[in-house]
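Per-entry structural report
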Amino acid sequence: MTTIFITGASGWIGSAVTDELLANGYSVTGLARSDASAAALEAKGAEVHRGSLDDPDTLATAAKAADGVIHLAFKHDFTDYAGAGRTEHATVEAMLTAIEGTGKPFLLASGLVSDVTGRPFTEDDANPNHGPDSMRGGSENLALGFADRGVRPVALRFAASVHGAGGDHGFVAVLSSIARQHGVAAYIGDGLNRWPAVHRTDAARMVRLALEKAPAGFRAHAAAEEGIPTREIAEAIGSRLGLPTASIDPADAEAHFGWISTFFGFDAWASAEQTRRLLGWEPTMPPLLEDIAAGAYDA
């Protein structure tokens, strides 16, 4: 049985990926930092590897013992985002070095934020971040650089919103919390900048298909919806919560939204056409605005 080591295996995306792999005949070893995470993984039927991103040596050991790696964990510490990036770089480098020359797959989480303008961000577009001091430690380019070093690296570029009911603590949950706090569901400027979105179940299936089919160096786009105007996201949140919707001047965005203002202001329009075609991936789950309307972010 093929064993896959997953970091972030008990997280929002990782738990869905763990379920998807187990349901399709894989053995999963999941990284667990806490007793609660370990218990959750064991309850699913996964093996547990105790450790954390701050100990890259133990992650390298787990990567070497598995038949493949799916790296989904990240230290979402926005008070020290630069430090989180350096940790990410060190972690990815340690695991890649451990499996160099083995031909094993190494899939890692990345994002769909880019410097592309005037058209959607595609799978052909390179990530602009390089080095440990760049966004997410430049880990995508670090990993793809091992394509000619006996590893099959694949970038998993997740949409800004990987949504669904039952525990999403991501961007839409934060925006909903901010709306309740201020009594208004806001967007920045004209709200025409776009966010891609994907349901976590569809994202998990895309990860499995990428594990099975994606060639070395491929950048897989987990975007069931290529771009939803942020104004429509705010209107959906406001409608569900019974709050008015309003525009926030870009100069006041940080004061209103805090750390998420930078991300909410991006125009992150992205295409997943190549991913759908190459992997045979067809999303089937409800879109983001439907999830919001159904109460996925009420809590």
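Residues numbered from 1 in each chain as written. Predicted model: local features only at pLDDT ≥ 70, side-chain atom pairs only at ≥ 80, totals over all residues. Heavy atoms only, no water.

Next up on the list: the pattern of salt bridges. Two side chains with opposite charge may pair up if their charged atoms get near one another. Going through the model one piece at a time under the given rule, you end up with 15 salt bridges. Among the ionic pairs, Arg 119 bridges to Asp 125, the shortest N-O distance being 2.8 Å. Here Arg 119 falls in the partly exposed class, since its relative accessible area comes to 37%. For Glu 140, the salt bridge is made with Arg 157, and the minimal N-O distance between the two is 2.7 Å. Separated by 17 residues along the polypeptide, Glu 140 in helix α5 (residues 139-144) and Arg 157 in strand β6 (residues 152-158) bring together distant segments of the chain. Each member of the pair, Glu 140 as well as Arg 157, is classed as buried. By sharing partners, the salt bridges in this structure join Glu 20, Arg 208 and Glu 212 into a single network. (Salt bridge = Lys/Arg side-chain N within 4 Å of Asp/Glu carboxyl O. Buried < 20%, exposed > 50% of the residue type's maximum accessible area, 1.4 Å probe, protein only. Helix = DSSP H or I, 4+ residues; strand = E, 2+ residues; numbered from the N terminus.)

Nonpolar side chains in soluble globular proteins tend to end up buried together. Within the largest apolar cluster, 43 residues are counted, with the highest numbers of intra-cluster contacts made by Ile 6, Val 17, Leu 21, Ile 70, Leu 72, Leu 156 and Phe 158. Sorting the residues of this core by element identifies β1 (3-7), α1 (12-23), β2 (27-32), α2 (35-44), β5 (105-111), β6, α7 (200-213) and β10 (218-222) as the ones contributing at least two each. Among the elements that line this core, the one with the most residues is α7, at seven residues. For Val 17, the residues in contact, after removing those within four places along its chain, are Ile 6, Ile 70, Leu 72, Ala 204 and Val 207. Core analysis: the next-biggest nonpolar cluster, separate from the first, contains 27 residues, Ala 186, Ala 197, Ala 236 and Ala 253 among them. (Core = buried A, V, L, I, M, F, W, Y, C linked by side-chain atoms within 4.5 Å. Contact = heavy atoms within 4.5 Å.)

Here the focus is the packing of α1 against α7. Their axes nearest at 8 Å, the elements α1 and α7 cross at an angle of 60 degrees. By the angle between their axes, α1 is oblique relative to α7. In terms of crossing hand, the pair formed by α1 and α7 is right-handed. Note on element contacts: α7 touches α1 through Arg 200, Ala 204, Arg 205, Val 207, Arg 208 and Leu 211, opposite Trp 12, Ser 15, Ala 16, Val 17, Glu 20 and Leu 21. Of the residues contributing to the contact of α1 with α7, the split by class is seven nonpolar, one polar and four charged. (Axes fitted to C-alpha atoms, helices over the stretch in contact; angles between N-to-C directions. Parallel < 35°, antiparallel > 145°, perpendicular 65-115°, else oblique. Left-handed = near helix turned anticlockwise from the far one by under 90°. Nonpolar A, V, L, I, M, F, W, Y, C, P; charged D, E, K, R; others polar.)

Another aspect to go through is empty space enclosed by the protein. Counted according to the given criterion, the structure contains two cavities of 30 Å³ or more. For the largest cavity, the calculated volume is near 60 Å³. Residue assignment for the lining of the largest cavity shows that the elements contributing at least two residues are α6 (171-182), β8 (185-188), α8 (230-241) and α9 (253-257). Residue classes in the lining of the largest cavity are distributed as 10 nonpolar, one polar and no charged. (1 Å grid on protein atoms, 1.4 Å probe; cavity = no way out; pocket = protein on both sides within 12 Å on 5 of 7 lines; lining within 4 Å. Points joined across faces, edges and corners; volume = space filled by probe spheres on them.)

In this description, a pair of aromatic rings is defined by centroid distance and the angle of the planes. Enumeration over the complete set of coordinates arrives at seven aromatic pairs. Ring centres of Trp 195 and Phe 264 lie 5.2 Å apart, and the angle between their planes is 75 degrees; on these two criteria the pair is classed as edge-to-face. Here Trp 195, found in strand β9 (residues 194-199), pairs with Phe 264, found in helix α10 (residues 261-264); they are 69 residues apart in sequence, far enough to count as distant. Residues Trp 195 and Phe 264 agree in their burial class; the two are buried. An aromatic cluster of three or more residues is present, and its members are Phe 171, Trp 195, Phe 257, Trp 259, Phe 263, Phe 264 and Phe 266. Residue placement shows Arg 136 over the ring face of Phe 74; its charged tip is 4.3 Å from the ring centre. Over the ring of Trp 281 we find Arg 276, and its NZ or CZ is 5.8 Å from the ring centre. (Phe/Tyr/Trp six-rings, centres within 6.5 Å; stacked < 30°, edge-to-face > 60°. Lys NZ or Arg CZ within 6 Å of the ring centre and 35° of its normal.)

Looking at the protein, the domain boundaries give domain 1 (3-160 + 198-224) and domain 2 (168-196 + 226-268 + 285-294). The gap between the C-alpha centroids of domain 1 and domain 2 is 27 Å. Of the roughly 1,200 Å² buried where domain 1 meets domain 2, counting both sides, 72% is carbon and sulfur surface. At the boundary of domain 1 and domain 2, one finds zero salt bridges. (Domains from an automatic or database assignment. Buried area = accessible area lost by both parts, 1.4 Å probe.)

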